[in-house]
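This is what each chain is made of:
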Amino acid sequence: MFGFSSLELEALQISLKVSLWSVSLSLPLAMGVAWLLARKEFRGKAVLNAVIHLPLVVPPVVIGYLLLILLGRKGILGSFLNDWFNIGLVFTWQGAAIAASVVAFPLFVRPIRQALEGVDPRLEEAAITLGANRRQAFFAVTLPIVMPGVLTGALLFFARALGEFGATITFAANIPGETQTLPLALYAATQTPGGDPIALRLVFLSLVLAMAALLTSEWLSRKTHFKVRGR
Amino acid sequence: MLTIEAGHRFIDGTNVFRVDASLSAPDTGVTAIFGRSGAGKTTLLKIVAGLLRPDFVKIQVGSTVLCDTQNGAWVPPEQRRIGYVFQDTRLFPHLSVKGNLMFGRRFNPLPDSPDLSFDAIVNLLDLERLLDRSIHNLSGGEGQRVAIGRALLANPRLLLMDEPLAALDADRKSEILPYLEGLRHSLNLPILYVSHSLSEIRRLANWLAVLDEGQIKAFGSVEEITGQMDLSPLTDDGDTGTVLAATVTEHVNAHGLTKLSAAGQPLLVTQLDLPPGAHVRVQVRPQDVSLALERPENLSILNIIQGSINSILESPRRPVVDVQVNIGSSKRPVHLWARITRLAAERLSLQEGMPVFALIKAVSLDKDRVGLS
């Protein structure tokens, strides 16, 4: 199709699969963490906040290596997963998704947290006097109001996950058809003699994907913004 | 009956605030909760709504016990069906006016009474032309009307109103007061109304509970309590006085006045648009009442009311004294407060039991001070 080789299309497909899975799996977790940080006071809040933001300041390769130590076949958690559930994450696309999620996670949490801090918690109190329980009050009042923040977070996260390289190549390696996302394929192409045409086509695919994500997010945020502001 | 008993200690740093309130009010009509800021009015409403869970509480509306710590009964706030109108409206910014109004419908049974139907409430509060608006384009008064409608459409068994007018300016207040009066007349719903404005209470409330330092100090009809107690230390805006029950006797059209009968004595006020026989309430501010030992003559003041001094309230640091005059009979006392300077009280050597004449200018009793009861 359009002169793309199956390897290049596969890289696009893996990139999409890894990023979209990362977004959907991280969304509830990011909401939960953002809610904790915005609304609750507890011991160790500063530590949790620091740990969440660590991937922003640590080189991705370090994250990848830490994941290997933690989730590798001989790792602390990894050996447990391997022995009890026969789940291996290293060298799989699921592993790539985990690596991308960890690296991009702070970008997801931050906008949601800021949006939550902008919502008057007393609105939920009003909802409760109108008959909504705590869960219903959150979903009917707070969530729609913070939706633009959630979308911003999702876009930043998606973009970061799409471009993730260091942690992925360290933890999930560069296996064509399994963990070779667009950036990894591009890297491989640049390391191969005569790989320039492949590299260019991969660059083109990356740009199209990024533009599509930006436009979708702009459209969605305009829709929710319209609802929230009512104009 | 509406029974509220609550006891709680709030500890905030080194401050301890204690609520120990007990109140039994009729379950129809408006009960005003009156007290200065920090008296615990909002705390009491939050306890009734279930938003605060105190150490000890018993709430009963009619025959329904909503909570009773003595036998562990606790209906969670979302199931109490107690409407709450907040001072700051707390409308939902992501919903239109209609969306706000319909919010409670999702979670509550539909009302049996047609008085609480969507159309009836929209009509009562005049919301028709606001329905499609965003709440960002509402004035303060409109926002408060929407908030009241939202609470009513959740089909409440009791309505709590926490100083719904306090955040509004005088014009907005007078714009929304008629709607609140309409509410009181057309809905058979008990209302707890927190306020520290006596003119609001005079226009809206049947009953008055005085809250001070977390305790109910007095409870009774508005006329009784305003006659018994000097409420001025409890108000922030100096809007106090006595509320007298009166009846329209005749109109003096030639002079633009209306003659009322209060405690069996005639009382002239600026002209009212009400038929003879109508029952009204007159708010007499203590600073508008002068005292004389003899019936004065050749005086511009039209209302000269005979009575006797019941009590004199003075404190050494204040330059004024408050004199409580009984203008009724000894069997059925009706009290009126007069605020005069300490100098004047000393010159007249006022004593308890002394017969006096209370002088009230008719111009001080304008239509802002008189309303239907």
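Peer 1: Is there a simple way to think about the nonpolar core in this case?
Peer 2: One broad trend across soluble globular proteins is that nonpolar side chains are buried collectively. Ranked by size, the top nonpolar core spans 160 residues in total, and within it Leu160(B) and Ala358(B) carry the most contacts. In terms of residue count, the dominant contributor to this core is helix H5 (residues 93-117) of chain A (16 residues). Split by domain, the residues of this core number at least three in each of domain 1 (2-233) and domain 2 (243-372) of chain B. Once you skip the residues sitting within four places of it in the chain, Ala358(B) turns out to touch Val289(B), Leu291(B), Ile305(B), Gly307(B), Val325(B), Ile327(B), Leu336(B) and Ala338(B).

Peer 1: Could you clarify how one ought to interpret the confidence of the model for chain A in this entry?
Peer 2: Predicted coordinates in regions of low pLDDT should not be interpreted in detail. A residue-level look at chain A finds 96% of positions with pLDDT of 70 or above and a mean pLDDT of 88. In the model of chain A, helix H4 (residues 76-85) of chain A stands out as the element of lowest mean pLDDT, 75, in contrast to helix H6 (residues 122-129) of chain A, which has the highest, 95.

Peer 1: Explain the confidence of the model for chain B to me, please; I cannot follow it from the model alone.
Peer 2: Residues at a pLDDT of 70 or more form 99% of chain B, whose mean pLDDT is 88. Across the whole predicted complex the pTM is 0.81, and at the interface the ipTM reaches 0.81.

Peer 1: Hey, could you run me through the interface of chain B and chain A in this one?
Peer 2: For interface size, the figure often reported is the accessible area lost on association. In this assembly, 21 residues from chain B lie in contact with 19 residues from chain A. Element by element, the count of residues in the side of chain B that touches chain A is highest for strand S7 (residues 82-85) of chain B, at three residues. Its residues assigned to classes, the side of chain B that touches chain A comprises eleven nonpolar, seven polar and three charged.

Peer 1: Would you explain the sheet that holds strand S8 (residues 158-162) of chain B in this entry?
Peer 2: The strands making up a sheet associate through hydrogen bonds between their backbones, and the pairing can be parallel or antiparallel. All names here are of chain B. Ordered by their spatial adjacency, six strands build an open sheet running S7-S8-S9-S3-S10-S11, and the pairing between neighbours is mixed. Taken across any chain shown, the strands that pair with only one partner, and hence form the sheet edges, are S7 and strand S11 (215-221). Mean inter-strand twist for the sheet, computed between neighbouring axes without regard to direction, equals 20°. Contacts from helix H4 (residues 140-152) reach S7 and S8 within the one sheet, and its direction differs from that of S7 by about 170°.

Peer 1: Got a minute to help me understand the packing of helix H3 (residues 60-71) of chain A against H5(A) in this structure?
Peer 2: The description of two helices packed together rests on the angle between their axes and the distance between the axes. Residues and elements named next belong to chain A. Where H3 contacts H5, the two axes come as close as 10 Å, and the packing angle between them is 130°. It follows that H3 is oblique to H5 by the angle criterion. Seen along the crossing, H3 lies across H5 with a hand that is right-handed. Contact with H3, carried on its side by Pro60, Ile63, Gly64 and Leu67, involves Ile98, Ala99, Val102 and Val103 of H5 and no other residues of that element.

Peer 1: Quick question: what am I supposed to make of the domain arrangement of chain B here?
Peer 2: Residues and elements named next belong to chain B. Each assigned domain of chain B is listed here: domain 1 (2-233) and domain 2 (243-372). The gap between the C-alpha centroids of domain 1 and domain 2 is 32 Å. Counting from both sides, the interface comprises eleven residues of domain 1 and, opposite them, 13 residues of domain 2. At the level of elements, helix H6 (198-204) and helix H7 (222-228) are the ones that each hand at least two residues to the side of domain 1 that touches domain 2. With five residues, the single largest contributor to the side of domain 1 that touches domain 2 is H7.

Each value, and the rule that gives it
Residues numbered from 1 in each chain as written. Chains lettered and ligands numbered in written order. Predicted model: local features only at pLDDT ≥ 70, side-chain atom pairs only at ≥ 80, totals over all residues. Core = buried A, V, L, I, M, F, W, Y, C linked by C-beta atoms within 7 Å. Buried ≥ 20, exposed ≤ 12 C-beta atoms within 10 Å, placed from the backbone. Helix = DSSP H or I, 4+ residues; strand = E, 2+ residues; numbered from the N terminus. Domains from an automatic or database assignment. Contact = placed C-beta atoms within 7 Å. pLDDT = per-residue confidence, 0-100. Nonpolar A, V, L, I, M, F, W, Y, C, P; charged D, E, K, R; others polar. Pairing = 2+ DSSP bridges. Axes fitted to C-alpha atoms, helices over the stretch in contact; angles between N-to-C directions. Parallel < 35°, antiparallel > 145°, perpendicular 65-115°, else oblique. Left-handed = near helix turned anticlockwise from the far one by under 90°.

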